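Each chain, letter by letter, is given below.
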Amino acid sequence: MLVVVAGPSGVGKGTVHTELRRRLPDAVLSVSATTRPARPGEVDGVHYRFVDRTTFEGMVADGDLLEWAEYAGNLYGTPRAPAAEAVARGEVVLLDIEVQGALQVKAADPDALLVFLQPPSFEELERRLRGRGTEDGATIARRLEVALDELAGAGAFDLEVVNDDLDRCVDELLDAIAVARRAATDDVAF
Ligand code: 5GP
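Residues numbered from 1 in each chain as written. Predicted model: local features only at pLDDT ≥ 70, side-chain atom pairs only at ≥ 80, totals over all residues. Heavy atoms only, no water.

1. Describing the overall build of the protein chain
In step 1: Each helix and strand in the protein chain was counted, giving seven helices and nine strands.
In step 2: A compact globule built from 190 residues would reach a C-alpha radius of gyration of about 16 Å, and the protein chain, at 16 Å, matches this within 12%.
In step 3: With the principal axes as the frame, the protein chain shows a C-alpha extent of 45 × 40 × 30 Å.
In step 4: When the 190 residues of the protein chain are sorted by exposure, 46% land in the buried category.
In step 5: When contacts within the protein chain are restricted to residue pairs at least 6 apart in sequence, long-range pairs at least 24 apart make up 69% of them.
In step 6: Counting only carbon and sulfur atoms, one obtains 51% of the accessible surface of the protein chain, whose full area is about 9,100 Å².
In step 7: Between the centroid of the 20 positive side chains of the protein chain and the centroid of its 34 negative side chains there is a distance of 3 Å. (Helix = DSSP H or I, 4+ residues; strand = E, 2+ residues; numbered from the N terminus. Rg over C-alpha atoms; globule rule 2.2 N^0.38 Å. Buried < 20%, exposed > 50% of the residue type's maximum accessible area, 1.4 Å probe, protein only. Contact = heavy atoms within 4.5 Å. Areas by Shrake-Rupley, 256 points an atom, 1.4 Å probe, with all protein chains shown as cover. Lys, Arg positive; Asp, Glu negative; His and termini not counted. Charge placed at Lys NZ, Arg CZ, Asp CG, Glu CD.)

2. Concerning the packing of helix H5 (residues 122-132) against helix H6 (residues 137-152)
In step 1: Between H5 and H6, the shortest axis-to-axis distance is 11 Å and the interhelical angle comes to 145°. In the packing of H5 onto H6, the handedness of the crossing is right-handed. Packed against H5, whose contacting residues are Phe122, Leu125, Glu126, Leu129, Arg130 and Arg132, the element H6 presents Ile140, Arg143, Leu144, Ala147, Leu148 and Leu151 at the interface.
In step 2: Here the contact of H5 with H6 is built from residues that sort into eight nonpolar, no polar and four charged. (Axes fitted to C-alpha atoms, helices over the stretch in contact; angles between N-to-C directions. Left-handed = near helix turned anticlockwise from the far one by under 90°. Nonpolar A, V, L, I, M, F, W, Y, C, P; charged D, E, K, R; others polar.)

3. Considering the environment of Gly10
In step 1: Its location among the elements puts Gly10 in the loop between strand S1 (2-6) and helix H1 (13-23).
In step 2: Measuring from C-alpha to C-alpha, the distance between Gly10 and Leu129 comes to 4.9 Å, with 119 residues separating the pair along the chain.
In step 3: Not counting the four nearest positions on each side in its chain, Gly10 is found in contact with Leu125, Arg128, Leu129 and Arg132.

4. Some thoughts on the packing of aromatic side chains
In step 1: In this structure the tally under the stated criterion is five aromatic pairs.
In step 2: Clustering of aromatic rings is evident, with ring pairs tying together Tyr48, Phe50, Tyr71 and Tyr76. (Phe/Tyr/Trp six-rings, centres within 6.5 Å; stacked < 30°, edge-to-face > 60°.)

5. A word on unusual backbone geometry
Phi is mostly negative for residues that are not glycine, and the peptide bonds are mostly trans.
In step 1: Non-glycine residue Ala72 carries a positive phi angle of around 50°.
In step 2: With respect to the helices, strands and loops of the structure, Ala72 is situated in the loop between strand S5 (65-71) and strand S6 (74-79).

6. Some points on the site of the ligand
In step 1: Inspection of the region around the ligand gives 16 residues, with Lys13, Arg36, Tyr48, Tyr76 and Glu98 positioned closest.
In step 2: Take Glu98: an N or O atom from its side chain is 2.6 Å from a nitrogen atom of the ligand.
In step 3: Burial of the ligand by the protein amounts to 95% of the accessible area it has alone, namely 510 Å².
In step 4: Among the cavities detected, the one that contains the ligand is the largest pocket.
In step 5: Secondary-structure elements contributing two or more residues to the shell around the ligand are S5 and S6.
In step 6: Grouping the amino acids of the shell around the ligand by side-chain chemistry returns five nonpolar, four polar and seven charged. (Near = heavy atom within 4 Å. Polar contact = N/O pair within 3.5 Å; in protein donor to acceptor, adjacent residues only side chain to side chain. 1 Å grid on protein atoms, 1.4 Å probe; cavity = no way out; pocket = protein on both sides within 12 Å on 5 of 7 lines; lining within 4 Å. Sits in = over half its atoms within 2 Å of the grid points.)

7. Looking at the sheet that holds S6
In step 1: Spatial strand order, S4-S3-S6-S5: four strands in an open sheet with mixed pairing. Two strands in the sheet have a free side with no partner beyond their single neighbour: strand S4 (49-50) and S5.
In step 2: Here strand S3 (residues 33-34) runs beside S6; their pairing, made up of two bridges, is antiparallel. Bridge assignment links Ala33 to a residue of S6, and that residue is Gly77.
In step 3: Where helix H2 (residues 53-61) meets the sheet, its contacts fall on S3, S4, S5 and S6, and the angle it forms with S5 comes to roughly 140°.
In step 4: The strands touched by helix H3 (residues 80-88) within the sheet are S5 and S6, with S6 carrying the most contacts at an inclination of about 30°. (Pairing = 2+ DSSP bridges.)

Take a look at the structure:
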């Protein structure tokens, strides 16, 4: 089944996903395509598939993406085939994506579990984004603006979890995945 853990930039999605995969051995992380330039240390095909806008638009036109969205000036999307193959094998496919994309996933596959990661507070989100040191001031300001919109969409998710304590947060996620998994089928709906 598909499990989306979404939430604003800086909420700690990456850390939660890493811990989830450690504790859920048959979970795989979907590798998104993006037009964003790679950050230092990011590897093509591992963190993202880095493509130019023309290539991305071709993927959209060909129906190769399960969902996609524009986020802070760049395009991001989930390749459909690898996710569908993993679901057919009965694996849990984790998607680290933003809110508009999450809602598209639910529309494509009602079995998908949508989890919204909440920061303990907006101030804490800003502190984490600045502390990460991967973006300049203007980019952080833009991401915080997007975050306000994203927080407003949390109610459409199946579950909201506050990321104040990593272990507790992952415990809650694993419980929810176990329940959703019993209800889901391995049929690929998308
Ligand atoms: P970043 O540039 O920090 O890696 O990601 C920016 C935002 O895009 C994050 O909220 C991340 O979860 C989201 N994102 C990454 N991949 C995808 C994707 O395939 N689809 C969508 N809709 N959002 C994505």
